[in-house]
Structure formats: C-alpha cells, structure tokens
Amino acid sequence: GDSVTQTEGLVTLTKGLPVMLNCTYQTTYSPFLFWYVQHLNEAPKLLLKSSTDNKRTEHQGFYATLHKSSSSFHLQKSSVQLSDSALYFCALSENAYKVIFGKGTHLHVLP
Amino acid sequence: AQTIHQWPVAEIKAVGSPLSLGCTIKGKSSPNLYWYWQATGGTLQQLFYSITVGQVESVVQLNLSASRPKDDQFILSTEKLLLSHSGFYLCAWSLEGGPNYAEQFFGPGTRLTVL
C-alpha cells in the first residue's frame with residue numbers, strides 16, 4: 001500500500017544553519033505531496049505542496065522539489081530560525097479524499 | 001473567508017463514557033470534511049471523510065463513528081470511550097476538485113483526555 005517515510009524523528013541544530021528533512025514515499029498513483037508544519041498545541045498548517053516532477057516549490061524560506069524518479073520530496077531551508085522549531089509532516093495524497101501522513105520530524109532550533 | 005470551528009476545545013472523560021465532538025465550517029459550500037486523530041507528538045491518522053451530507057466513509061477502525069447531519073457540520077462520537085482514545089482530534093476540509101483538491105485545511109482541534 002501507499003506509504004510515507006520520514007527517517008528523522010528529531011533534528012536539533014543551531015539557528016542560522018541549513019536543514020534538510022527527508023521524505024520518501026511509495027504509491028502506484030500519480031502523487032500529490034505536501035509538507036505541513038505544526039507548532040506546539042496548534043493545528044497543522046500547509047507549508048508546501050507539489051505534484052510537478054522536478055519543479056522547486058518555495059514558501060516562507062522553505063523549499064522542496066518533487067523527484068518522482070527517487071520518490072522523494074525533501075524539505076530544506078538555508079538558515080533556520082528559532083521560530084522554525086516545530087513538528088514537520090510530509091504527506092501523500094493519491095486521490096481527493098485519502099491523505100497519508102509520515103510519522104513527523106521534530107525540528108529543535110537552538111540559540 | 002472560510003472558518004472552521006471545533007467544539008469543545010478540550011474534554012476530560014472517564015473510560016466507558018460517551019463522547020461527541022463537533023466541527024462546523026462556514027464560508028464554503030459542500031466541502032469535503034475529514035476527522036483526524038493525533039497522539040501527543042505523533043502522526044496524523046485520518047479516521048473518516050465525507051463528501052456530502054449523510055455520507056461518511058471510514059478509513060480506520062478505532063471504535064469511533066462519524067456523521068454529517070448538515071452540509072457544514074461533522075460529528076465524531078462513540079458510546080464507550082477507551083483509554084486509547086486520548087489525543088488530539090482535528091477536523092479538516094478540502095476543496096471539491098481542481099489541482100488543489102487534496103490540500104487539507106485544519107481546524108483548531110479538540111484535546112481529549114480519557115481517565
């Protein structure tokens with residue numbers, strides 16, 4: 001069946017450094033990939049989305065490129081800030097109604 | 001602009017007691033509606049989705065049920081709570097179609113503690 005894999009459970013780094021959060025997926029359908037961010041005690045909010053192969057999408061300093069050849073949609077930022085500390089989810093949807101979320105990666109940014 | 005409201009904000013309930021959580025969306029007609037469950041710090045598990053009034057599809061069985069009595073309302077309930085029901089319940093909506101059909105817009109959530 002379809003699945004989303006986020007390999008890092010926790011990423012800790014100092015502000016100003018670059019970060020990459022990994023996301024790979026498995027599906028037999030044409031994929032629609034998302035990154036959601038969830039701050040403590042809040043609802044998840046959409047950060048990025050893509051269904052176009054090899055096209056970079058950007059928002060709020062974060063960026064990601066969907067690579068269908070490697071089934072990946074890694075999230076990157078060139079310089080993390082303290083306010084980026086949150087839980088990040090990669091998600092896959094192959095149709096209009098079912099969405100599969102990865103286990104999530106906690107990003108902890110140190111001063 | 002669309003707004004999504006969930007009630008209650010938080011609940012503390014006893015094992016074996018009934019539960020009813022609600023979700024209302026305003027500003028969008030005939031949305032697709034969803035219920036998700038999240039353990040503390042955990043992933044989001046889709047529970048149910050509804051495309052239209054009176055129709056609900058189950059994605060995973062967790063001894064919960066859902067109903068859509070009105071176009072803008074989605075209800076999650078159970079007659080008998082388990083300890084494993086504790087967590088964060090999120091209602092979400094999405095557009096009916098087009099290129100952004102799968103994008104989920106989440107409500108503020110209800111935090112449930114079962115003792």
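See above for the structure.
The structure presented is a predicted model; accordingly, all values stated were derived computationally and were not measured.

**Student:** So what's going on with the packing of aromatic side chains? Residues and values would help.
**Tutor:** Geometry of an aromatic ring pair is reported as the spacing of the ring centres plus the angle between the planes. The final tally for this structure, using the stated rule, is twelve aromatic pairs over all chains. Geometrically, the ring pair formed by A:Phe101 and B:Tyr36 is edge-to-face, given 5.6 Å between the ring centres and 90 degrees between the ring planes. Of this pair, A:Phe101 sits in strand 11 (residues 99-101) while B:Tyr36 sits in strand 4 (residues 32-38), on two different chains. Each member of the pair, A:Phe101 as well as B:Tyr36, is classed as buried. Aromatic pair A:Phe101 and B:Phe106: ring centres 6.3 Å apart, planes at 65 degrees, arrangement edge-to-face. One end of the pair, A:Phe101, is in strand 11; the other, B:Phe106, is in strand 10 (residues 105-106), on a second chain. Here A:Phe101 falls in the buried class, since its relative accessible area comes to 8%. For B:Phe106, a relative accessible area of 11% puts it in the buried group.

**Student:** Go over the state of the cysteines, please, and point to the residues and values.
**Tutor:** Counting across every chain of the model gives two disulfides over all chains. Each disulfide pairs two cysteine sulfurs, and for A:Cys23 the partner residue is A:Cys90, the sulfurs being separated by 1.9 Å. On the sign convention where negative means left-handed, the S-S torsion of about -60 degrees between A:Cys23 and A:Cys90 marks this disulfide as left-handed. One end of the pair, A:Cys23, is in the loop between strand 3 (19-21) and strand 4 (24-26); the other, A:Cys90, is in strand 10 (residues 86-93), with 67 residues separating them in the sequence. For A:Cys23, a relative accessible area of 0% puts it in the buried group. A sulfur-sulfur separation of 2.0 Å characterises the disulfide bridge that pairs B:Cys23 with B:Cys91. Looking down the S-S bond of the B:Cys23 and B:Cys91 bridge, the torsion is -70 degrees, so its handedness is left-handed.

Cut-offs used in this document
Residues numbered from 1 in each chain as written. Chains lettered and ligands numbered in written order. Predicted model: local features only at pLDDT ≥ 70, side-chain atom pairs only at ≥ 80, totals over all residues. Heavy atoms only, no water. Phe/Tyr/Trp six-rings, centres within 6.5 Å; stacked < 30°, edge-to-face > 60°. Helix = DSSP H or I, 4+ residues; strand = E, 2+ residues; numbered from the N terminus. Buried < 20%, exposed > 50% of the residue type's maximum accessible area, 1.4 Å probe, protein only. Disulfide = S-S within 2.5 Å.

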